[in-house]
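Overview (structure and organization)
Chain by chain, the residues run as shown.
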Amino acid sequence: MKHAMIIAAILLTTAHANGQTARPAGDLAPVEITLPKPGTVPTPKKHDNSYELPTTRPVLMAPPRTANLALKRPVTSSDSQPIIGELAMITDGDKEPQSGSIVELGPSPQWVQIDLGRSCTIYGVAIWHNHSRFRSYKDVILQVCDEPDFINGVQTIFNNDKDGSAGLGWGKDREYMETHFGKLVQKPASRPATSASGATATRRTT
Ligand SMILES: [Ca+2]
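As the structure is a prediction and not an experimental result, all values here were calculated from the model.

**So, the overall build of the protein chain**
- Regarding its fold elements, the protein chain presents zero helices and 13 strands.
- Taken from the N to the C terminus, the helices and strands of the protein chain come in the order β-β-β-β-β-β-β-β-β-β-β-β-β.
- Counting over 206 residues, the protein chain shows a buried share of 41%.
- The contacts of the protein chain with a sequence gap of at least 6 include a subset with a gap of at least 24, amounting to 80%.

Okay, here's the thing in structure tokens:
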């Protein structure tokens, strides 16, 4: 059963400004990520094992001085008039799932795009959807591109759309259950990017 996409926060995109010297792998350090409070519905002791269940704090490794370049950056979307909230709330740093913190888009697969402002090297992406209730997230697709129209040079860094229903290719990543730990994609883009885009559908399992 599909539901509208509900986002508490999306894309803690840690990145380095393009042109800075990349540190060797041995100099990578954990990026401090502030977690939201756990949801009010406890994680069931049993769940469908076909889904990944994030149960630990995400550890994003990146060079020192790495910053969250998504913070406060402009957001555009396939749904310019959210059912709940405003698009700017997606990059305001508030990851809590309650009213006043979440953005809900229309009841079909939707996308949001974040303008990072300059060409960056991306070390990882962390996403928080609404984790107040136990939901699985499928058809989650993360792409980055150095052009705002996402036509040429698009890099897909996460795709769990197993049947390609979103029209962006068949994904091999696992569907997952949303918790307050969020979802970390530690799969650096191979080339600098100025925009990041995410598409999502959800389904409720409880
Ligand atoms: Ca699908």
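**A closer look at the nonpolar core**
- Among the nonpolar cores identified, the biggest contains 34 residues, and Ile 90, Val 103, Leu 116, Val 125, Ala 193 and Ala 196 are the most heavily contacted of them.
- Put simply, the parts of the chain that give this core at least two residues each are β4 (60-62), β8 (110-129), β9 (135-145) and β13 (193-204).
- With ten residues, the top contributor of residues to this core is β8.

**As for the confidence of the model for the protein chain**
- Summing up the model confidence of the protein chain, the mean pLDDT is 81 and the portion of residues at 70 or higher is 79%.
- Per-element confidence in the protein chain is highest for strand β6 (residues 75-77), whose mean pLDDT is 94, and lowest for strand β1 (residues 2-3), whose mean pLDDT is 42.
- Confidence over residues 16-24 falls short of pLDDT 50; this stretch has 15 contacts with residues more than four positions distant or in other chains.

**Some thoughts on the pairing of β8**
- With respect to burial, β8 is a largely interior element, 15 of its 20 residues being buried.
- Note that β6 and β8 share three bridges and pair antiparallel. Each bridged residue has a counterpart across the sheet, and for Ser 77 the counterpart in β8 is Val 112.
- Across three bridges, the pairing between β8 and strand β12 (residues 183-185) is antiparallel. Looking at β12, one finds that Val 125 is bridged to Val 185.

**Topic: the environment of Lys 162**
- If you trace the backbone, Lys 162 turns up in the loop between β10 (155-159) and β11 (176-177).
- For the pair Lys 162 and Glu 175, spaced 13 residues apart in sequence, the C-alpha separation works out to 8.6 Å.
- Dropping the residues within four chain positions of it, Lys 162 is found in contact with Trp 170 and Gly 171.

Rules and cut-offs
Sequence positions are assigned chain by chain, starting from 1 and proceeding in written order. Whole-chain, interface and lining totals are the exception, using all residues; otherwise, since this is a predicted model, local features are given only for residues with pLDDT of at least 70 and side-chain atom pairs are given and counted only at 80 or more. Strands are runs of DSSP state E lasting at least 2 residues, helices are runs of H or I lasting at least 4, and numbering of each runs from the N terminus. As a rule, residues whose C-beta atom has 12 or fewer other C-beta atoms within 10 Å are exposed, those with 20 or more are buried, and those in between are partly exposed; C-beta atoms are placed from the backbone. Each residue is represented by a C-beta atom placed from its backbone, and any two residues with such atoms within 7 Å are regarded as in contact. Under the definition applied here, buried Ala, Val, Leu, Ile, Met, Phe, Trp, Tyr and Cys residues are grouped into a nonpolar core through C-beta atoms within 7 Å. The predictor attaches a confidence to each residue, called pLDDT, with possible values from 0 through 100. Pairing between strands is defined by DSSP: at least two bridges between the two strands are required.

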